[in-house]
Amino acid sequence: MHVHHVALLFCGVLGVGNLAGLAHAEQADRNQPIEIRALDVTIDQLNKTYELRGNATLTQGTMRLVAERMVVKEDEQGNRSAQLFGAAGKPVTFRQRREGTNEFMEGFADRAEFDDATDILQLFSNARLKNGTDELRGEYIYYNSATEVLRASGQLPGTKAAPTEAGQDVYFSLMPRTNDKKAGTEKARRDK
């Protein structure tokens, strides 16, 4: 199946799958302080840039980003964006609790970009996004928690490849959901 069609199919299935709930990130996180840790940090106060190397971790409430190297920039309005880079065998990781639940969404990739002004997370190369047992995989995943939009592609943005090449497919897995009310009614009928 052509990559474009797979992405459209995925968007259509989102309405019935639990991955649609990924978009509801914990809103209280935005009011929490940002904590940054790393083995080595360079701060450029004039340009409002922080470069972190070695187990770089950015935490805000339940949101946690971890990378081998991270560059965080702050604009004049105080918004922050981050570029994250993994290392061989050690991908960038993202984790955040879903609003109103104890469930977490998790993301993994070789590289990532996060913009807190737009609530956009982009995962590049070997990208995966998980919510419980549901999973989305591709070369590129775009996740906007403010607009509740998820997009995935079997190739990186700006690259052109034939749709038949290996690695050009988007994969997703949605586990069946049971209707507890319906299951209880059917059980009661059987017990009569």
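Calculation criteria
Residues numbered from 1 in each chain as written. Predicted model: local features only at pLDDT ≥ 70, side-chain atom pairs only at ≥ 80, totals over all residues. Heavy atoms only, no water. Helix = DSSP H or I, 4+ residues; strand = E, 2+ residues; numbered from the N terminus. Contact = heavy atoms within 4.5 Å. Pairing = 2+ DSSP bridges. 1 Å grid on protein atoms, 1.4 Å probe; cavity = no way out; pocket = protein on both sides within 12 Å on 5 of 7 lines; lining within 4 Å. Points joined across faces, edges and corners; volume = space filled by probe spheres on them. Nonpolar A, V, L, I, M, F, W, Y, C, P; charged D, E, K, R; others polar. Salt bridge = Lys/Arg side-chain N within 4 Å of Asp/Glu carboxyl O. Buried < 20%, exposed > 50% of the residue type's maximum accessible area, 1.4 Å probe, protein only. Core = buried A, V, L, I, M, F, W, Y, C linked by side-chain atoms within 4.5 Å. pLDDT = per-residue confidence, 0-100.

Caption draft 1: Quick peek at the overall build of the chain. Each helix and strand counted, the chain has two helices and twelve strands in total. Reading the chain from its N terminus to its C terminus gives the helix and strand order α-β-β-β-β-β-β-β-β-β-β-β-β-α. In the chain, of all internal contacts separated by at least 6 residues, the share reaching a separation of at least 24 is 44%.

Caption draft 2: Broad picture of the pairing of strand S3 (residues 49–60). Bridge count between strand S1 (residues 34–37) and S3: four bridges; the pairing is antiparallel. Bridge pairing in S3 places Arg 37 opposite Thr 57. In terms of strand pairing, strand S2 (residues 40–44) meets S3 through five bridges, oriented antiparallel. Note on S3: the bridge partner recorded for Thr 42 is Glu 51. The antiparallel pairing of S2 with S3 creates a hairpin that spans four residues between the two strands, and Lys 48 there sits at a positive phi of about 50°. Examined bridge by bridge, S3 and strand S4 (residues 63–74) share ten bridges and lie antiparallel to one another. Bridge assignment links Arg 53 to a residue of S4, and that residue is Arg 69.

Caption draft 3: Structural view of empty space enclosed by the protein. Per the counting criterion, the structure on display carries one cavity of 30 Å³ or more. Taken as a whole, the largest cavity holds about 50 Å³ of empty space. Lining the largest cavity we find Ile 34, Leu 58, Gln 60, Met 63, Val 72, Arg 80, Ser 81, Ala 82, Phe 114 and Asp 116. Elements with a minimum of two residues in the lining of the largest cavity: S3, S4 and strand S5 (80–85). For the lining of the largest cavity, the element with the most residues is S5, which contributes three residues. Grouping the amino acids of the lining of the largest cavity by side-chain chemistry returns six nonpolar, two polar and two charged.

Caption draft 4: Spatial organisation of the pattern of salt bridges. Using the criterion set out here, one finds eight salt bridges in the structure. Ionic pairing is found between Lys 90 and Glu 68, a salt bridge with its closest N-O pair at 3.8 Å. Taken as a pair, Lys 90 in the loop between S5 and strand S6 (92–97) and Glu 68 in strand S4 lie far apart in primary sequence, 22 residues in all. Accessibility expressed as a relative area gives 36% for Lys 90, which makes it partly exposed. Between Arg 137 and Glu 135 there is a salt bridge; the shortest N-O distance is 3.5 Å.

Caption draft 5: Here's a closer look at the nonpolar core. Formed by 26 residues in total, the largest nonpolar core has its most connected members in Leu 65, Met 70, Leu 84, Leu 121, Leu 123, Leu 129 and Ile 141. At five residues, S4 tops the list of elements feeding residues into this core.

Caption draft 6: Structural context of the confidence of the model for the chain. For the chain, the mean per-residue pLDDT works out to 77, and 72% of the residues sit at or above 70. Across the chain, the secondary-structure element scoring lowest on mean pLDDT is helix H1 (residues 3–13), at 31, and the one scoring highest is S2, at 95. Scored below 50 in pLDDT, residues 1–24 shows 49 contacts in the model against residues more than four places distant or in partner chains.

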